[in-house]
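Observations on the three-dimensional arrangement
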Amino acid sequence: TSDGLPGYGLSDIYVCRKGPGNQWSIPENLGYPINTIEHEGSLFVASDGKTAYYASDRVDSSGGIDIYTLEISARFNHTHRKGLHFHSEPQRLPVI
């Protein structure tokens, strides 16, 4: 997460990939629908490799920062392909 790189909003989520020679790529903004004009951060990919969670205070939040979830494709973790593909739109988790 950074608010110092060019992005969509106040803070955005980025991905870096480890390439040949253990060199890290330039940070790539995850874009919309993950990043909005508000704060996004703390992305976590579950052990199933398909479900991601992150925090945001986007417009549809219930006030403050909420947790969102979405499904990601296998390409998200692949080190040799460009572009990120999501299988679902972000969904706000219910407040307990």
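Residues numbered from 1 in each chain as written. Predicted model: local features only at pLDDT ≥ 70, side-chain atom pairs only at ≥ 80, totals over all residues. Heavy atoms only, no water.

1. A word on the packing of aromatic side chains
Evaluation of the coordinates by the stated rule reveals one aromatic pair. Relative to tyrosine 68, the ring of tyrosine 54 has its centre 5.8 Å away and its plane inclined at 25°; by these criteria the two rings are stacked. Placement of tyrosine 54 in strand β4 (residues 51-56) and of tyrosine 68 in strand β5 (residues 66-71) is noted, with a sequence separation of 14 residues between them. For tyrosine 68, a relative accessible area of 0% puts it in the buried group. (Phe/Tyr/Trp six-rings, centres within 6.5 Å; stacked < 30°, edge-to-face > 60°. Helix = DSSP H or I, 4+ residues; strand = E, 2+ residues; numbered from the N terminus. Buried < 20%, exposed > 50% of the residue type's maximum accessible area, 1.4 Å probe, protein only.)

2. Thoughts on the sheet that holds strand β3 (residues 40-45)
Pairing is antiparallel in the open sheet, where four strands are placed in the order β3-β4-β5-β6. With one partner strand each, in any of the chains shown, β3 and β6 (91-92) form the two edges of the open sheet. One ladder, built from four bridges, connects β3 with β4; its direction is antiparallel. Considered in β4, the bridge of glycine 41 is made with alanine 55. (Pairing = 2+ DSSP bridges.)

3. Examining the pairing of β5
Along any regular strand the residues' side chains alternate between the sheet's two faces. Where β4 meets β5, six bridges bridge the pair, whose relative direction is antiparallel. Directly across from serine 56, in β5, lies its bridge partner aspartate 66.

4. Some points on the pairing of β4
Burial runs high along β4: five of the six residues are buried. The turn linking β3 back onto β4 is made up of five residues, and glycine 49 within it adopts a positive phi angle of 70°.

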